[in-house]
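Chain residues, written in single-letter form:
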Amino acid sequence: PEESAGPTGRPGKSLDPCADVPPNLQGVLQVEFRTNRTLQDVRNHVGPFLQQGGRYRPTSCRAKQKVAVIIPFRNRYEHLTHWLYYLHPVLMRQQLDYGVYVINQDGDGVFNRAKLMNIGFVEALKEYDYDCFVFSDVDLVPIDDRNLYRCSDHPRHLSVAVDKFNFILPYATIFGGVSALSEQQFLKVNGFSNTFWGWGGEDDDMSQRISYRRMFISRPDSVTGRYKMIKHKRDSHNDPNPRRIQKLRETYSNMDKDGLNSLNYTVREIRKDLLYTFVTVDVQADV
Ligand code: UPG
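All of these numbers come straight from a predicted model, not from anything done at the bench.

Undergrad: Would you explain the overall build of the protein in this entry?
TA: Along the protein, the regular secondary structure elements total 7 helices and 11 strands. Over its C-alpha trace the protein gives a radius of gyration of 18 Å, about what one expects of a compact globule, namely 19 Å for 287 residues. Across its three principal axes, the protein shows a C-alpha extent of roughly 55 × 45 × 40 Å. Looking at the protein as a whole, 55% of its 287 residues qualify as buried. Within the protein, contacts between residues separated by at least 24 positions form 82% of all contacts whose residues are at least 6 apart in sequence. Counting every atom, the protein has about 13700 Å² of accessible surface; 49% of that belongs to carbon and sulfur. The positive charge centre, built from 38 side chains, and the negative charge centre, built from 35, are 2 Å apart in the protein.

Undergrad: I tried to follow the pattern of salt bridges on my own but got confused; where do I start?
TA: Two side chains with opposite charge may pair up if their charged atoms get near one another. Taken as a whole and assessed by the stated rule, the structure comprises 18 salt bridges. With its nearest N and O atoms 3.1 Å apart, the salt bridge here joins aspartate 129 to lysine 66. In this pair, aspartate 129 sits in the loop between α3 (113-127) and β4 (132-136) while lysine 66 sits in strand β2 (residues 66-73), placing the two residues 63 residues apart along the sequence. Among the residues examined, aspartate 129 registers a relative accessible area of 46% and is labelled partly exposed. With a shortest N-O distance of 2.8 Å, aspartate 205 and arginine 209 are connected by a salt bridge. Separated by 4 residues within a single helix, aspartate 205 and arginine 209 lie in helix α5 (residues 202-212), roughly one turn from each other.

Undergrad: I tried to follow the state of the cysteines on my own but got confused; where do I start?
TA: By definition, a disulfide is the covalent link that joins the sulfur atoms of two cysteine residues. A full pass over the atoms with the stated rule returns 2 disulfides. Paired through a disulfide, cysteine 18 and cysteine 61 show a sulfur-sulfur distance of 2.0 Å. Across the disulfide from cysteine 18 to cysteine 61, rotation about the S-S bond amounts to roughly 90°, and the bridge is consequently right-handed. Highlighted residues: cysteine 18 in the segment before α1 (39-46) and cysteine 61 in the loop between β1 (55-56) and β2, separated in sequence by 43 residues. Neither residue differs from the other here; cysteine 18 and cysteine 61 are each classed as buried. Each sulfur of the disulfide joining cysteine 132 and cysteine 151 lies 2.1 Å from the other. A torsion of 85° about the S-S bond marks the disulfide between cysteine 132 and cysteine 151 as right-handed. Remark: cysteine 151 occurs in the loop between β5 (140-142) and β6 (156-157) and cysteine 132 occurs in strand β4; sequence separation between them is 19 residues.

Undergrad: Would you mind showing me how to read the layout of surface pockets here?
TA: By rolling a water-sized probe across the atoms, one finds the places where empty space is left. Taken as a whole, the largest pocket holds about 1200 Å³ of empty space. The wall of the largest pocket is formed by 47 residues, among which Asp137, Asp139, Trp199, Met229 and His232 lie closest to the centre. Among the elements of the structure, β2, β7 (161-162), α5 and α6 (244-248) are those that each provide at least two residues to the lining of the largest pocket. Tallied by class, residues from the lining of the largest pocket come to 18 nonpolar, 13 polar and 16 charged.

Undergrad: Whenever I open this one, the confidence of the model for the protein confuses me. Can you help?
TA: Low pLDDT marks regions whose predicted coordinates should not be analysed in detail. When pLDDT is averaged across the protein, the result is 95; 95% of the residues are at 70 or more. The ipTM for the predicted assembly is 0.97, set against a pTM of 0.95.

Undergrad: Looking at this structure, I do not really get the site of the ligand. What am I missing?
TA: Neighbouring the ligand are 19 residues; Pro72, Arg74, Asp137, Gly177 and Glu202 lie closest to it. A distance of 2.8 Å separates a nitrogen atom of the ligand from a polar atom in the backbone of arginine 74. The separation between an oxygen atom of the ligand and a polar side-chain atom of histidine 232 is 3.3 Å. Computed on the free molecule, the ligand has an accessible area of 670 Å², of which 92% lies beneath the protein chains in the complex. Applying the majority rule of atoms within 2 Å of the grid points places the ligand in the largest pocket. Of all the secondary structure elements, the ones that give two or more residues to the shell around the ligand are β2 and α5.

Reading the values: the criteria
Residues numbered from 1 in each chain as written. Predicted model: local features only at pLDDT ≥ 70, side-chain atom pairs only at ≥ 80, totals over all residues. Heavy atoms only, no water. Helix = DSSP H or I, 4+ residues; strand = E, 2+ residues; numbered from the N terminus. Rg over C-alpha atoms; globule rule 2.2 N^0.38 Å. Buried < 20%, exposed > 50% of the residue type's maximum accessible area, 1.4 Å probe, protein only. Contact = heavy atoms within 4.5 Å. Areas by Shrake-Rupley, 256 points an atom, 1.4 Å probe, with all protein chains shown as cover. Lys, Arg positive; Asp, Glu negative; His and termini not counted. Charge placed at Lys NZ, Arg CZ, Asp CG, Glu CD. Salt bridge = Lys/Arg side-chain N within 4 Å of Asp/Glu carboxyl O. Disulfide = S-S within 2.5 Å. 1 Å grid on protein atoms, 1.4 Å probe; cavity = no way out; pocket = protein on both sides within 12 Å on 5 of 7 lines; lining within 4 Å. Points joined across faces, edges and corners; volume = space filled by probe spheres on them. Nonpolar A, V, L, I, M, F, W, Y, C, P; charged D, E, K, R; others polar. pLDDT = per-residue confidence, 0-100. Near = heavy atom within 4 Å. Polar contact = N/O pair within 3.5 Å; in protein donor to acceptor, adjacent residues only side chain to side chain. Sits in = over half its atoms within 2 Å of the grid points.

Listed below in structure tokens is the structure:
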């Protein structure tokens, strides 16, 4: 017998799978950050289509992938507002079954982006059986909605052409900014390292993990992969990590013991907004 939509509106298996190429994409987008926006503006703009926690799934077809979008975060509320304003409509047009998780580092200790992303992976999986994880800086907005926030056969780097770098890929192995790994790919590399404190290196460490596990980095072309970065000053408590160069020589010997299998943290609060799930965590940073 055919399965129908359940009482929660969850689409049953009877829906046909969504098309490989979503039909309502717009291509190049107008993106502008010199505008005052509030979260309430964004709720008014996209709220009617969302479920609490920044969750969405298409109603006319069965999404190809279940995607958790993970944003490492501390004290960038203005950027988050722009990000939500632009990304929700894009992710909806891409017909994803998705949720947005903002992983907020509690306190003033040294920032640890990679550890926050590991935490996002674990916390998102506690809520839903996501199969794809997109890790995104809060200040990066795609300017082409054909850049699909999906996973592929190999880990995928999405932010290939950022305005700050004159729309050029800065170096071949770059994996920072916005990237996507399936659950299997992420488990294969033991997630990110937890031991990169402060700015830099953690994305290159992941890039090395990927190649040591005999995977490649896949990318959209440099037109589809264009991004705008919101301008900002260097944050406090996120100075360049002086150990990052040395640590990158140790990826191979450390990756099996430093990552998802050594992750330690305490959740302080999980708050559901219509636009996102906000998870505040103690990452056990030195202050
Ligand atoms: N972030 C915060 N609050 C902070 C510090 C960082 O929310 O106080 C988050 C935020 O999502 C930000 C990201 O961390 O977008 C990266 O930090 P940022 O200082 O903006 O680094 P950038 O130099 O702009 O980013 C590049 C890459 C990034 C990589 C970083 C270091 O885009 O992915 O982590 O270089 O290698």
